[in-house]
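# Reading the structure
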Amino acid sequence: MRQFSGVVRLVYNLALEQRRDWWRQYAVRTGKSLTYVAQARELTELRRSFDWIAAVSQTSQQQALRDLDRAYANFFAGRSGYPTPRRRGVNDGFRFHGRECRIRRLNRNWGAIHLPKIGEVRFRWTRDVLGDVKNVTVSRDPLGWHVSIACEVESEAPEKRAAEAVGIDRGVAHTLAFSDGTFADLPLERLRVLDRRARKQARSLARCRRGSKRREKAKARLARTKAKTARVRKHWVHERSAGLARRYGTVVTEDLKVANMTASARGTVEAPGTHVRQKAGLNRSILEQGWYQFETCLRYKLEAAGGVLIKVPAAYTSQTCSECGSISKTHRKSQAVFLCSDCGHSAHADTNAARNILRAGTRPSGRAPVAGPTTRESRQNALAAA
Ligand SMILES: [Zn+2]
């Protein structure tokens, strides 16, 4: 498989070089432009001249050319940057057509897949393969080889659900705070252990001599720890977003860009102890890395279940009283405590914010922001906080 991904990468990089540096010469020589079809034809010639290139499945090489074609299309459409070469250790992988691969289940935990020119490979069976297998991607990360099987599944358009709605605040004390007063936390203990390990490994990596064997090993160790961290987070993200999509028809969250600003403003409001601060910092940094992932997961899972994700501007959500609507930064007594000095309503500060987010997303007028400051004084307070 390593040989496979090496050759496929070479084909990709050669094709990239050809498109980048030789397209003009090609156009002059043949009178045609350098497209996927043209490169696929050149690939056939390349395979005839080199046995070791022919030793690797042609479809996976063609798939690489398709990827490149798409990368260029994305670049010209302004969706992404100029295509870059694939690198060893970073882009290890290849893809087959689904019809080339045979999949069978061996027992509860294991399956086997027959890959062209590689043979049968056992894999950990994590979910059932439903529908028509379109393609099979084999990839490698620091934790090992993975296979992902993309299937086409017929599904009815889900019924629109007017079910319960929930607001979510990205809390400081908790990873997520919901408008119903509950919280969800990343497995922080586990992440902290992994974080400590990664720091230690990064230090020992820095002590290794450049180009040495030890350095290679230290690098691999650190990469494994980071991949584990990412996996813990990803698992949590999928689990949580699936739970929300099952339970709610409407989920309201803060708009990310604005949320970042309030997060820093929130830092000036609070005066917490060092430990809390540290915890909040880690919590936030971990979630910030995972927030986009969480939102993406939540959106598609909700859509599949007939629900909807609504994003609202986050201004004042942490300073507004969810009972009476009064806005002042003095309402937030500490990191966790919200106490309205107008009506006396008290709640966990993150829950209060989540309620405001829910209201902003479900008010009849749609996406209107949370009610503006009511008095001159509170307007000034709000502006000072922003
Ligand atoms: Zn109030």
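Residues numbered from 1 in each chain as written. Predicted model: local features only at pLDDT ≥ 70, side-chain atom pairs only at ≥ 80, totals over all residues. Heavy atoms only, no water.

Moving on, we get to a nonpolar patch on the surface. Nonpolar side chains collect at one region of the surface, where Leu-10, Leu-14, Phe-50 and Trp-52 lie side by side and expose about 360 Å² of accessible area between them. Residue placement: Leu-10 occurs in helix α1 (residues 2-21). (Patch = residues over 30% accessible without salt bridge, like charges linked within 9 Å, V, L, I, M, F, W, Y side chains within 5 Å. Areas by Shrake-Rupley, 256 points an atom, 1.4 Å probe, with all protein chains shown as cover. Salt bridge = Lys/Arg side-chain N within 4 Å of Asp/Glu carboxyl O. Helix = DSSP H or I, 4+ residues; strand = E, 2+ residues; numbered from the N terminus.)

Here helix α3 (residues 36-49) contains 14 residues, and its C-alpha end-to-end distance of 20 Å stays within 8% of the 20 Å for a straight helix at 1.5 Å per residue. For α3, the full list of buried residues reads Tyr-36, Ala-38, Gln-39, Ala-40, Leu-43 and Arg-47. Considering only its buried residues, α3 is in contact with α1, α2 (23-30), α4 (51-54) and α5 (58-76). (Expected span 1.5 Å × (residues − 1). Buried < 20%, exposed > 50% of the residue type's maximum accessible area, 1.4 Å probe, protein only. Contact = heavy atoms within 4.5 Å.)

Next up on the list: the layout of surface pockets. Considering only enclosed or pocket space, the largest pocket measures out at about 1700 Å³ in volume. For the largest pocket, the lining is made up of 35 residues, of which Thr-126, Arg-127, Val-147, Ser-148 and Ile-149 are closest to its centre. At the level of secondary structure, the elements contributing two or more residues to the lining of the largest pocket comprise β4 (119-124), β5 (132-141), β6 (144-152), α7 (213-247) and α9 (274-304). If one sorts the elements of the lining of the largest pocket by residue count, β6 sits on top with eight residues. (1 Å grid on protein atoms, 1.4 Å probe; cavity = no way out; pocket = protein on both sides within 12 Å on 5 of 7 lines; lining within 4 Å. Points joined across faces, edges and corners; volume = space filled by probe spheres on them.)

The pairing of strands in a sheet comes from backbone hydrogen bonds and takes either a parallel or an antiparallel form. Read from one edge of the open sheet, three strands run β2-β3-β4, paired in antiparallel fashion. The outermost strands of the open sheet, each flanked by one partner alone, are β2 (102-105) and β4. In this sheet, neighbouring strand axes are inclined to one another by 25 degrees on average, regardless of whether the strands run parallel or antiparallel. Judged from the six bridges that link them, strand β3 (residues 110-115) and β4 form a sheet pairing that is antiparallel. Bridging from a neighbouring strand, Ile-113 pairs with Val-121 of β4. (Pairing = 2+ DSSP bridges. Axes fitted to C-alpha atoms, helices over the stretch in contact; angles between N-to-C directions.)

Attention now goes to the environment of Leu-222. In this structure, Leu-222 sits in helix α7. For Leu-222, a relative accessible area of 11% puts it in the buried group. Spatially, the C-alpha atom of Leu-222 lies 8.1 Å from that of Leu-205, the residues being 17 residues apart in sequence. Once residues within four sequence positions are removed from consideration, Leu-222 is found in contact with Ala-198, Gln-201, Ala-202 and Leu-205.

Turning to the pattern of salt bridges, a few remarks are in order. Across all of its chains, the model carries 17 salt bridges by this definition. A salt bridge links Asp-67 to Arg-86; its shortest N-O distance comes to 2.9 Å. Note that Asp-67 is positioned in helix α5 and Arg-86 in the loop between α5 and β1 (93-97), a separation of 19 residues in sequence. Since its relative accessible area comes to 15%, Asp-67 is described here as buried. The partner of Lys-311 in a salt bridge is Glu-295, and the shortest N-O contact between them spans 3.1 Å. With Lys-311 in strand β11 (residues 308-312) and Glu-295 in helix α9, this pair connects stretches of sequence that are 16 residues apart. The structure contains a network of salt bridges with shared partners spanning Asp-67, Arg-70, Arg-86 and Arg-95.

Looking at the zinc ion, the protein donor atoms are Cys-321 (SG), Cys-324 (SG), Cys-340 (SG) and Cys-343 (SG), and they sit 2.2 to 2.3 Å from it. Taken together, the four donor atoms surrounding the zinc ion define angles of 108 to 112 degrees at the centre, an arrangement classified as tetrahedral. Counting the intervening residues between successive donors of the zinc ion yields the motif C-x2-C-x15-C-x2-C. Judged by its relative accessible area of 1%, Cys-321 falls in the buried class. For Cys-324, a relative accessible area of 41% puts it in the partly exposed group. (Donors = N, O, S within 2.8 Å, 3.2 Å for Na, K, Ca; no water. Tetrahedral: all angles 85-135°; square planar, octahedral: opposite > 155°, others 65-115°.)

With that out of the way, let us pick up the sheet that holds strand β8 (residues 176-178). The five strands lie next to each other as β9-β8-β7-β10-β11, forming an open sheet whose pairing is mixed. Across the chains shown, the open sheet's two edge strands, defined by having one partner strand only, are β9 (183-184) and β11. Relative to strand β10 (residues 250-254), strand β7 (residues 165-169) runs parallel, the two being bridged by three bridges. In the strand pairing of β10, Ala-165 is matched with Thr-250. Here helix α10 (residues 349-362) sits on the sheet in contact with β7, β8, β9, β10 and β11, set at roughly 130 degrees to β7.

Glancing now at the environment of Thr-362. On the secondary structure map, Thr-362 appears in helix α10. Separated by 52 residues in sequence, Thr-362 and Ile-310 place their C-alpha atoms 8.6 Å apart. Leaving out residues up to four positions away in the same chain, Thr-362 has contacts with Ala-165, Thr-250 and Val-252. Here Leu-358 takes part through its backbone oxygen, which lies 2.7 Å from a polar atom of the side chain of Thr-362. (Polar contact = N/O pair within 3.5 Å; in protein donor to acceptor, adjacent residues only side chain to side chain.)

Moving on, we get to the pairing of β10. Most of β10 is tucked away, with five of its five residues classed as buried. Residues Thr-250, Val-252 and Glu-254 line one face of β10 and the alternating positions Val-251 and Thr-253 line the opposite face, and both faces are buried. Here β10 pairs with β11 via five bridges, running parallel. Of the residues in β11, the one forming a bridge with Val-251 is Leu-309.

Attention shifts here to the nonpolar core. Counting residues in hydrophobic clusters, the biggest one holds 26 residues, and the most contacted among them are Leu-65, Leu-68, Phe-94, Phe-96, Cys-101, Ile-113 and Leu-115. Counting only elements with at least two residues in this core, the list comes to α1, α3, α5, β1, β3 and β5. Considering each element in turn, this core owes the most residues, seven residues, to α1. (Core = buried A, V, L, I, M, F, W, Y, C linked by side-chain atoms within 4.5 Å.)

Further remarks concern unusual backbone geometry. Glycine aside, a negative phi is what most residues show, and trans is what most peptide bonds show. Of note in the backbone geometry, Lys-117 takes a positive phi value of approximately 65 degrees without being a glycine. As for its placement among the helices and strands, Lys-117 is situated in the loop between β3 and β4. Given the relative accessible area of 54%, Lys-117 is considered exposed.

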